[in-house]
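Structural overview
Below, each chain spelled out in residue letters.
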Amino acid sequence: MQIVAGNNLNHQWFYDDLIISEFRVITAESLCNLHYSSAELLQINWFYNIVKIQSCFYLIGFVNSEETVRKIKLPDNCDSSNVIVLGNDYKLIVVDKSLCKIWVYNLEDETECKCISLKIEAPEECSVKKKKLEDHICKVSLLNDSILYLTEAGSVYCGLLPCYVDTTHCVGKVIDVQCGYEHFILLTDTGLIYTWGNGRRLQLGHGDISNLEIPTEVEALAGVKIIKICAGGWHSLALSEFGDLYAWGWNDTGQLGITANEKYSCSLPSLVDILDSDTVNTKNVKDIACGSKFSAILLEDKSVWTSGNNNYGQLGISTDIKCITAFRKVYQCTNDSKLMCGPWTTAIIDK
Amino acid sequence: MSNTSEILEQLEELKCNVAASLQEISELDICNKTFLQAYLNDYSKINPSSIIFIQAVIDYMYEKVNIGNWKEVKPFLRKTITIASYLKLLIYLHDKKVFTNSVVQECFKIIDYGILFGSPLDKEPKLLQKCAGILQSIHIHRSDDSTNKIKLETNVVDLQEIKYNVIPLEVLDCPSMEYFYKNFILKELPVVLDKCINHWPALKKWQDPNYLLEIAGMRTISIEIGNKYTDADWTQKLMTLKEFITEHIYKSNTSTGYLAQYQLFDQVPELRNDVTEPEYCCFSDSDDPTDIMAWFGPKGTVSPLHHDPKKNLLAQVIGEKQIFLYAPTDSEYLYPHEHELMNNTARVDPREPDLTLYPKYASAKAYYCLLKPGQLLFIPPKWWHFVESLSVSFSVSFWWE
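Residues numbered from 1 in each chain as written. Chains lettered and ligands numbered in written order. Predicted model: local features only at pLDDT ≥ 70, side-chain atom pairs only at ≥ 80, totals over all residues. Heavy atoms only, no water.

**Quick word on the interface of chain A and chain B**
Frequently, the measure chosen for interface size is the accessible area removed from exposure when the parts meet. The interface is formed by 27 residues belonging to chain A together with 25 residues belonging to chain B. Buried area between chain A and chain B, both sides added, is near 2500 Å², and the carbon and sulfur share of it is 60%. If you sort the residues of chain A by the area they bury against chain B, A:Trp46, A:Tyr90 and A:Glu108 come out on top, with a joint share of 21%. The tally of links from chain A across to chain B stands at two salt bridges. With a closest N to O distance of 2.9 Å, B:Lys33 and A:Glu108 form a salt bridge. Applying the counting criterion to the chain A and chain B interface returns 13 residue pairs in polar contact (both at pLDDT 80 or more). Its residues placed into classes, the side of chain A that touches chain B shows 14 nonpolar, seven polar and six charged. (Contact = heavy atoms within 4.5 Å. Buried area = accessible area lost by both parts, 1.4 Å probe. Salt bridge = Lys/Arg side-chain N within 4 Å of Asp/Glu carboxyl O. Polar contact = N/O pair within 3.5 Å; in protein donor to acceptor, adjacent residues only side chain to side chain. Nonpolar A, V, L, I, M, F, W, Y, C, P; charged D, E, K, R; others polar.)

Here is the structure:
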């Protein structure tokens, strides 16, 4: 089941309203003879979603001036169970995980396609061993023009034409990567996080506005084991093993959710208090997600809380409220759920 | 009273050129491009929900232009904001019958947002300025009935003798072009020039805030809030010129607001007619046009000690400013900030230099002037300068290479 609030400008959620300002269950039973109720939501973009239904991938939303659904034709010999499909406003990217091949399709003209092979490189220090590495892509993070690839062995590559990112100085194996509009976050299995990219809006969390070319440890969180990371457009969230939430970066619309009535941006990770009217809610945070200028979190009692920009109803509350600056409870789930956000959308999905 | 259909007709005459300029945004994503195309080519596509969609296009492009350095933003993204703002204006007026004050105000808001964040189309570079001109015709018409006109306050400059350890700048009466070129442009030395802009209509007209309000009161401008841009709580805010004048110029109990380094004359061409570019700006090494900026604020606005890469003639139109200047060779005595974004700004406050923190300042050679209405100050490239307004002040700067 998908429960959604926010941008429906291209009817990607099948409702007629352009804005869904209160959480609604997506009820499209059948769509062009597809069983949407069994759809797995893979990515929410600004004008389309990518879903997988019974081993086929579909683009739903704006396809062209007439159509709203397009079946994504996978490259020959591609096994649908072994690919990652993602997109941005211009391109659709199909990644064969084990072949480490990347097909880049032009959204405007599907016949235009480039195929790129990701060359698995050993870090320079190891290259003397001349060992050919057996490795596979396991995760791709894509937002606007930023893209990161992560391999099973924990190597990170950046860019549409993948360039190796040196993470040999990072403690532990890299287990997750996240892209903001112009910054990057990685998480290692030791619970440490590293950031790099543009820091002009404080999104790197090192206490200043410097840009960083190499992944650099967020030292303020060194004593805290982080288990999940998330990048918004210009802000970042981290979830600790104890269910604590940390936020930093740009806060121009309250996306950090840290203080009622204030929009001060944070150059260092700030522990976020979840407030039930005036008392601190001590329930643990279970899941986190970010849109371009808002954040959503799920607590252990299955309640969903949001903060930040609400111009398009993405917080799940009436668009009369343009933004809120502290997390507010907006929905109570009954099932075990997880969160996924698009730039202006929040989705609650059954686990 | 003019009804909207006449105005709409005039605005729509520009549509042809806007449609032709779609090729300038051919790089835009297919979704946004398709919608802009549809709206421009087929009016029947417009319905009550169009305003939501066109606003979403603008909001989304605004997010995109915030990615990376402003100067490196791809032009098609900003051009899309221009085209979408024009369309939003048409869509907004589509179901309006008459021009109430609030309708005109909203129209100017749409236009000014487009001017601030968009960029000129090759096919119709002054598109939004033209739209504003068309709307201005009704607005001027209606402004007679505005009831609470603002009275001009005479600004008494605090004239206690200011005792700084400084060298007063030379003041010259309208020197010849040759003399100015040889002694100041070539030698890169600062100087105050008197009686060069006596013919500017602005000197008289701008003394009356009602004149500014009549021409541009409804226009949205970007105001710097806070004492100086190096302060932590410094920020920028969009507001109308009317709000700025009533809330910040003639009220001292609010935070300092400053219309600083602002391209007001590009946005409101009527005001451009009140000033002329000084002839001295013709000594140029490039074909780029001179950047003309407005600086309008209450008493007490401060531009911290900094330097700019271009030649600058600062014209004082209303009120007085005190300015401290230092040669580029004095940099090490002024303690510039280290961060790359701030290294053209220095830490020393020339009004009360802290010699324990900044001991080397003792070796700096400070030049000083109190700039009066009708005077021009020549600031050579890279010369450090600190500027403070001593009264309500309106200056115009001319930057050229």
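**Section: unusual backbone geometry**
Residue and element names in this part refer to chain A. Residues other than glycine seldom take positive phi values, yet cysteine 100 does so here, at roughly 55 degrees. Positioned with a positive phi, leucine 202 is a non-glycine residue whose angle comes to about 70 degrees. With respect to the helices, strands and loops of the structure, leucine 202 is situated in the loop between strand S19 (193-197) and strand S20 (212-217). For leucine 202, a relative accessible area of 16% gives the class buried. (Helix = DSSP H or I, 4+ residues; strand = E, 2+ residues; numbered from the N terminus. Buried < 20%, exposed > 50% of the residue type's maximum accessible area, 1.4 Å probe, protein only.)

**Things to note about the packing of helix H1 (residues 4-12) of chain B against helix H5 (residues 75-94) of chain B**
Residue and element names in this part refer to chain B. Following both chains from N to C, one finds H1 and H5 inclined at 160 degrees, their axes separated by 10 Å at the closest point. Between H1 and H5, the crossing angle belongs to the class labelled roughly antiparallel. The chirality of how H1 crosses H5 is left-handed. Where H1 abuts H5, its residues Thr4, Leu8, Leu11 and Glu12 lie against Tyr86, Leu89, Leu90, Leu93 and His94. Tallied by class, the residues present in the contact of H1 with H5 amount to six nonpolar, two polar and one charged. (Axes fitted to C-alpha atoms, helices over the stretch in contact; angles between N-to-C directions. Parallel < 35°, antiparallel > 145°, perpendicular 65-115°, else oblique. Left-handed = near helix turned anticlockwise from the far one by under 90°.)

**Focus: the pairing of strand S5 (residues 40-44) of chain A**
Residue and element names in this part refer to chain A. Across four bridges, the pairing between S5 and strand S6 (residues 48-53) is antiparallel. Residue glutamine 43 lies in a different strand from S6, and its bridge partner there is isoleucine 50. In this structure, the hairpin formed by S5 and S6 is closed by a connection of three residues. (Pairing = 2+ DSSP bridges.)

**Describing the nonpolar core**
Among soluble globular proteins, nonpolar side chains are generally buried collectively. Ranked by internal contacts, the top residues of the largest apolar core, which has 132 residues, are B:Trp200, B:Trp206 and B:Phe244. For this core, the element with the most residues is H5(B), which contributes 12 residues. Look past the residues within four positions of B:Trp200 in its chain and what remains in contact with it is B:Asp274, B:Val275, B:Thr276, B:Ala315, B:Val317, B:Val396 and B:Phe398. Of all hydrophobic cores here, the second largest spans 29 residues; its members include A:Leu187, A:Leu245, A:Leu256 and A:Leu299. (Core = buried A, V, L, I, M, F, W, Y, C linked by side-chain atoms within 4.5 Å.)

**Side note on the confidence of the model for chain B**
Residues and elements named next belong to chain B. In this model, chain B carries an average pLDDT of 90, and 93% of its residues clear a pLDDT of 70 or more. Looking across chain B, the model is least confident in helix H7 (residues 127-142), with a mean pLDDT of 82, and most confident in strand S12 (residues 376-379), with 97. Note that pLDDT drops below 50 for residues 143-147; the model gives that stretch one contact with residues more than four away or on any other chain. The complex model carries a pTM of 0.89, and its ipTM stands at 0.95. (pLDDT = per-residue confidence, 0-100.)

**Some words on helix H8 (residues 177-185) of chain B**
All names here are of chain B. When H8 is considered as a whole, its buried residues turn out to be Phe180, Phe184 and Ile185. The arc enclosing the buried residues of H8, seen along the axis, measures out at 75 degrees, which places them on a common side. In the core, the buried residues of H8 are packed alongside strand S2 (171-173), strand S3 (191-194), strand S9 (311-318), S12 and strand S14 (393-400). (Arc of directions from axis to C-beta.)

**A short note on the pattern of salt bridges**
Residues and elements named next belong to chain B. In this structure the tally under the stated criterion is 22 salt bridges over all chains. We note a salt bridge from aspartate 291 to lysine 310, for which the minimum N-O separation is 3.2 Å. Remark: lysine 310 occurs in the loop between strand S8 (302-306) and S9 and aspartate 291 occurs in strand S7 (residues 291-297); sequence separation between them is 19 residues. When its relative accessible area of 22% is taken as the criterion, lysine 310 is described as partly exposed. A salt bridge links glutamate 388 to arginine 351; the nearest nitrogen and oxygen atoms lie 3.0 Å apart. Placement of the pair is glutamate 388 in strand S13 (residues 384-389) and arginine 351 in the loop between helix H14 (331-334) and strand S11 (367-371), with a sequence separation of 37 residues.

**A word on the environment of B:Tyr92**
All names here are of chain B. For tyrosine 92, the position within the fold is in helix H5. For tyrosine 92, a relative accessible area of 15% puts it in the buried group. Remark: the alpha-carbon pair of tyrosine 92 and isoleucine 51, spanning 41 residues in sequence, is separated by 6.8 Å. Those residues in contact with tyrosine 92, other than ones at most four positions away along the chain, are Ile51, Ser102, Val103, Glu106, Cys107 and Ile110.

**Some points on the environment of B:Leu357**
With respect to the element layout, B:Leu357 can be found in the loop between H14 and S11. Each C-alpha atom, one on B:Leu357 and one on B:Ser5, is 66 Å from the other, the two residues being 352 residues apart in sequence.

**Re the sheet that holds strand S24 (residues 266-271) of chain A**
Residue and element names in this part refer to chain A. With antiparallel pairing, four strands are arranged side by side in an open sheet as S21-S22-S23-S24. With one partner strand each, in any of the chains shown, strand S21 (226-231) and S24 form the two edges of the open sheet. Across the sheet, the mean angle from the axis of one strand to that of its neighbour is 15 degrees, orientation sign disregarded. Two strands pair when backbone bridges link them, and strand S23 (residues 245-249) and S24 are joined in this way by three bridges, in the antiparallel orientation. Residue pairing in the sheet places tyrosine 246 in a bridge with leucine 271 of S24.

**A few points about the sheet that holds strand S2 (residues 19-25) of chain A**
All names here are of chain A. What the four strands build is an open sheet, ordered S2-S1-S32-S31; its pairing is antiparallel. At either end of the open sheet lies a strand with only one pairing partner, and these are S2 and strand S31 (337-342). Pairwise comparison of adjacent strand axes, ignoring direction, gives a mean angle of 10 degrees for this sheet.

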